[in-house]
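An overview of the molecular structure
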Amino acid sequence: MSRDDLVLTLAFLIALGATFGALFIGEVLGQMPCTLCWYQRIAMFPLVPILGLSLWRGDGSAWLYALPLVLAGLALAAWHSGLYAGILPAPIVPCTQNGPSCTGEAQMILGVPIPYLSLAAFAAILACLILPKGNRT
């Protein structure tokens, strides 16, 4: 397995883990995502088949299709993390007492808030997509 295949496999596994994690939180734990979390899911979920098919076919062109989704997800996750940290002076909508929320203690995994995990996942996938130096077709 080449270095390019390894980093693409890592990007696929990160996207797969993030997708399963989001589905577990929503479907098993029954916790509704906020609006920004939904938008990040829209960017993350398609990465699994895009990266997986690229690995399976060995075509190496996944970065062409995945990069716009990763950049959109990274921008959303950065915005969401800024709101969560209080850097941006606006509430996370609709994170309210009676609606979906990502600001509560239940929305942390190993002590890390979900918006930060999303930011880290998109950043890691971006790094994996831009690291390969081989022949891109």
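Residues numbered from 1 in each chain as written. Predicted model: local features only at pLDDT ≥ 70, side-chain atom pairs only at ≥ 80, totals over all residues. Heavy atoms only, no water.

Inclusion rule: UniProt positions are given in the numbering used here, feature names are shortened, and annotations may be inferred rather than shown by experiment.
The protein is annotated in an unreviewed UniProt entry as Disulfide bond formation protein DsbB from Haematobacter massiliensis. Here the protein is described in UniProt, under the heading Subcellular location (unreviewed entry), as follows: "Membrane".

1. Considerations on the UniProt feature "transmembrane region" (unreviewed entry) in the protein
Basically, it comes down to this: Runs of E in the DSSP output that reach at least two residues are strands. Runs of H or I that reach at least four are helices, and both are numbered from the N terminus.
The UniProt entry lists residues 7-26, 38-56, 63-88 and 108-131 under the feature "transmembrane region" (unreviewed entry), expressed in the numbering used here. Segment residues 7-26 splits into 100% helix and 0% strand. End C-alpha atoms: 29 Å apart. Segment residues 38-56 splits into 89% helix and 0% strand. End C-alpha atoms: 28 Å apart.

2. Remarks on a nonpolar patch on the surface
Spelled out, the test is: Patch membership needs two things, relative accessible area over 30% and no salt bridge, and members are linked within 9 Å if like-charged or within 5 Å if nonpolar (Val, Leu, Ile, Met, Phe, Trp, Tyr). Residue exposure ignores everything except the shown protein chains as possible cover, and the areas themselves are Shrake-Rupley values with a 1.4 Å probe. By definition, a salt bridge exists where a carboxyl oxygen of Asp or Glu is found within 4 Å of a side-chain nitrogen of Lys or Arg.
On the surface, a nonpolar cluster with roughly 450 Å² of combined accessible area is contributed by Met32, Trp38, Tyr39 and Ile42. Here Met32 shows up in the loop between helix H1 (3-28) and helix H2 (35-44).

3. Details of the pattern of salt bridges
Spelled out, the test is: Three exposure classes are used, based on accessible area relative to the maximum for each residue type with a 1.4 Å probe and protein chains only: buried under 20%, partly exposed in between, and exposed over 50%.
Inspection of the entire model under this criterion finds 1 salt bridge. One salt bridge connects Arg57 with Asp59, and the closest N-O pair in it is separated by 3.5 Å. Assessed through its relative accessible area of 62%, Arg57 is described here as exposed. Judged by its relative accessible area of 23%, Asp59 is partly exposed.

4. Here's the deal with the packing of aromatic side chains
Quick note on the threshold: For Phe, Tyr and Trp, where Trp contributes only its six-membered ring, two rings pair if their centres lie within 6.5 Å, and the inter-plane angle classes them as stacked under 30 degrees, edge-to-face over 60, or tilted in between. Working rule: Lys NZ or Arg CZ, within 6 Å of ring centre, within 35 degrees of ring normal, means a charge sits over the ring.
Here the structure, examined in full by the defined rule, presents 1 aromatic pair. For the cation-ring pair, Arg41 lies above Trp38, with the distance from its terminal atom to the ring centre recorded as 5.3 Å.

5. Focus on the environment of Gly73
The condition is simple: We call two residues in contact when some of their heavy atoms are within 4.5 Å.
Within the secondary structure, Gly73 is located in helix H4 (residues 62-85). Each C-alpha atom of the pair Gly73 and Leu36 lies 9.9 Å from the other, and the pair is 37 residues apart in sequence. Other than its neighbours up to four places away in sequence, Gly73 contacts Gln40, Ala43 and Phe122.

6. A closer look at H4
Filter applied, for reference: By this rule, a helix spans an expected 1.5 Å times one less than how many residues it contains.
End to end, H4 covers 33 Å across 24 residues, agreeing with the expected 34 Å (1.5 Å per residue, within 8%). Every buried residue of H4 is listed here: Ala62, Ala66, Val70, Gly73, Leu74, Ala77, His80, Ser81, Gly82 and Leu83. If you follow the buried residues of H4, they end up packed against H1, H2, helix H3 (47-57) and helix H5 (114-130).

7. Quick notes on the side chain of Ser81
Relative to the helices and strands, Ser81 resides in helix H4. What Ser81 contacts, discounting residues up to four positions off in sequence, is Pro115, Tyr116 and Leu119.

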